[in-house]
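# Report on the structure
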Amino acid sequence: MPQLLLTALVLSALAVNAQAATDQSENTSTETGTSKIESKTVRYQDGDTELTGYLYYPEGTEGRRPGIIVVHEWWGLNDYAKKRAQMLAELGYVAFAIDMYGDDKVTSHAPDAKGWMQQITEHVDAWQARALKGLEILAADPAVDADKLAAVGYCFGGATVMQMAYAGADLDGVVSFHGSLPPAPEGLETLKPSVLAAHGAADGFVSPEKVAAFQKSLDAINADWEFVAYSGARHAFTNPNADEYGIEMVAYNAKADQRSWALMQDFLNEVFAD
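Now for a look at the structure at hand. Since this is a predicted model, take the numbers as computed values, not measurements. (Residues numbered from 1 in each chain as written. Predicted model: local features only at pLDDT ≥ 70, side-chain atom pairs only at ≥ 80, totals over all residues. Heavy atoms only, no water.)

## Observations regarding the nonpolar core
Formed by 46 residues in total, the largest nonpolar core has its most connected members in F96, M100 and M164. Ranked by residue count, the leading element in this core is helix α6 (residues 156-166), at 7 residues. Core analysis: the next-biggest nonpolar cluster, separate from the first, contains 31 residues, I37, Y154, A256 and M264 among them. (Core = buried A, V, L, I, M, F, W, Y, C linked by side-chain atoms within 4.5 Å. Buried < 20%, exposed > 50% of the residue type's maximum accessible area, 1.4 Å probe, protein only. Helix = DSSP H or I, 4+ residues; strand = E, 2+ residues; numbered from the N terminus.)

## Looking at the pairing of strand β3 (residues 49-58)
Where burial is concerned, most of β3 is hidden: 9 out of the 10 residues are buried. As paired strands, β3 and strand β5 (residues 94-98) are joined by 3 bridges and run antiparallel to one another. Paired with Y54 across the strands is A97, a residue of β5. (Pairing = 2+ DSSP bridges.)

## A look at the packing of helix α3 (residues 79-90) against helix α8 (residues 254-271)
When two helices pack together, their arrangement is given by the angle between the helix axes and the distance between those axes. One way to put it is that α3 packs onto α8 with a least axis distance of 13 Å and a crossing angle of 50°. When the axes of α3 and α8 are compared, the pair comes out oblique. Read as a crossing pair, α3 and α8 show a hand that is right-handed. Seen from α3, the contacting residues are R84, M87 and L88; seen from α8, they are D257, W261, M264 and L268. Residue classes in the contact of α3 with α8 are distributed as 5 nonpolar, no polar and 2 charged. (Axes fitted to C-alpha atoms, helices over the stretch in contact; angles between N-to-C directions. Parallel < 35°, antiparallel > 145°, perpendicular 65-115°, else oblique. Left-handed = near helix turned anticlockwise from the far one by under 90°. Contact = heavy atoms within 4.5 Å. Nonpolar A, V, L, I, M, F, W, Y, C, P; charged D, E, K, R; others polar.)

## A closer look at the packing of aromatic side chains
This structure, assessed with the given rule, holds 10 aromatic pairs. Here the aromatic rings of Y80 and Y154 are separated by 5.5 Å at their centres, their planes lie at 75°, and the arrangement is edge-to-face. With Y80 in helix α3 and Y154 in strand β6 (residues 144-154), this residue pair connects regions lying 74 residues apart in the sequence. Just as Y80 is buried, Y154 falls in that class too. (Phe/Tyr/Trp six-rings, centres within 6.5 Å; stacked < 30°, edge-to-face > 60°.)

## Let's talk about the layout of surface pockets
In this structure, the largest pocket occupies an estimated 550 Å³ of space. Along the walls of the largest pocket sit 25 residues, with W74, M117, S180, F205 and H235 positioned nearest its centre. Contributing elements (two or more residues each) for the lining of the largest pocket: α4 (110-121), α6 and α7 (208-220). Sorting elements by how many residues they give to the lining of the largest pocket places α4 first, with 4 residues. (1 Å grid on protein atoms, 1.4 Å probe; cavity = no way out; pocket = protein on both sides within 12 Å on 5 of 7 lines; lining within 4 Å. Points joined across faces, edges and corners; volume = space filled by probe spheres on them.)

## A look at the pattern of salt bridges
What the rule picks out here adds up to 5 salt bridges. Across the pair D141 and K40 runs a salt bridge whose closest N-O atoms are separated by 3.9 Å. Pair noted here: D141 is in the loop between α5 (124-140) and β6 and K40 is in strand β2 (residues 35-46), with a separation of 101 residues, a long-range link. The partner of D257 in a salt bridge is R84, and the shortest N-O contact between them spans 2.8 Å. Linking D257 in helix α8 with R84 in helix α3, this pair joins segments that are 173 residues apart in sequence. Accessibility assignment for this pair places D257 and R84 in one class, buried. Through salt bridges with shared partners, a single network forms among D170, D172 and K192. (Salt bridge = Lys/Arg side-chain N within 4 Å of Asp/Glu carboxyl O.)

## Remarks on a negative patch on the surface
On the surface, a cluster of negative charge is made up of D224, E226, D266 and E270. For E226, the position within the fold is in strand β9 (residues 225-230). Here E226 falls in the partly exposed class, since its relative accessible area comes to 35%. (Patch = residues over 30% accessible without salt bridge, like charges linked within 9 Å, V, L, I, M, F, W, Y side chains within 5 Å. Areas by Shrake-Rupley, 256 points an atom, 1.4 Å probe, with all protein chains shown as cover. Lys, Arg positive; Asp, Glu negative; His and termini not counted. Charge placed at Lys NZ, Arg CZ, Asp CG, Glu CD.)

## Remarks on α4
In this model, α4 (12 residues) spans 16 Å end to end at C-alpha, consistent with the 16 Å of a helix rising 1.5 Å per residue. All of the buried residues along α4 are A113, W116 and I120. On an axial view of α4, the arc spanned by its buried residues comes to 70°, and they lie on one face. For α4, exposure combined with an orientation more than 90 degrees from the buried face picks out P111 and Q119. On its buried side, α4 packs onto α5 and α6. (Expected span 1.5 Å × (residues − 1). Arc of directions from axis to C-beta.)

Encoded structure:
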């Protein structure tokens, strides 16, 4: 992304947040084990597209906490993505599940999901800019420490958080769960956030050649990255509902899910330590 565009996006953060604040609604409180999580709906705009995100934070939050963007799979911002954001709030973070499609687009029908995803990914600058809209809102939230930000994404969301990193987003870390692993673009000289990629070794959608190209591109810019592959894990291995989609190469793997979630927690602890 051109530096001028990135600068403009950052400078507009307060204005975007002010508009979003006027559109917030449906504040709720949810009991989860020993934690009570508050949430609110945040409506915001990207051009003519209305986006609806969901912000989660521990009830009674005092001071500022690290903020984490959560980016959904190609199905859209469904209950699974919201659940992951809620789980991050249970860990003490402020989590914002952002909307990459807009207009309430959510499906369980693969052709629809593929079409929506392709519309977003066709133009990389616009793809990055839409994700950064959500980051602006999170960073400007009064409960968030804007100096401690990360992004977590699943499948399409994993590719999206990498694009945020490539765009120069002010993130401490990005975590890709079974993402498509887009390589760093030519001409990129450095990468600010540390990278964690949790990958299914049996992911039929991401070839070993793609994995190698991803790793090589990060090495070329001296990025701080960690790549972990889980044996037998297929695409979407973290999603307990994955088997219901009826796609041969998509399946839940409880062991890989649990291990990768624990790994992510250690990673976030490290990148937020300073």
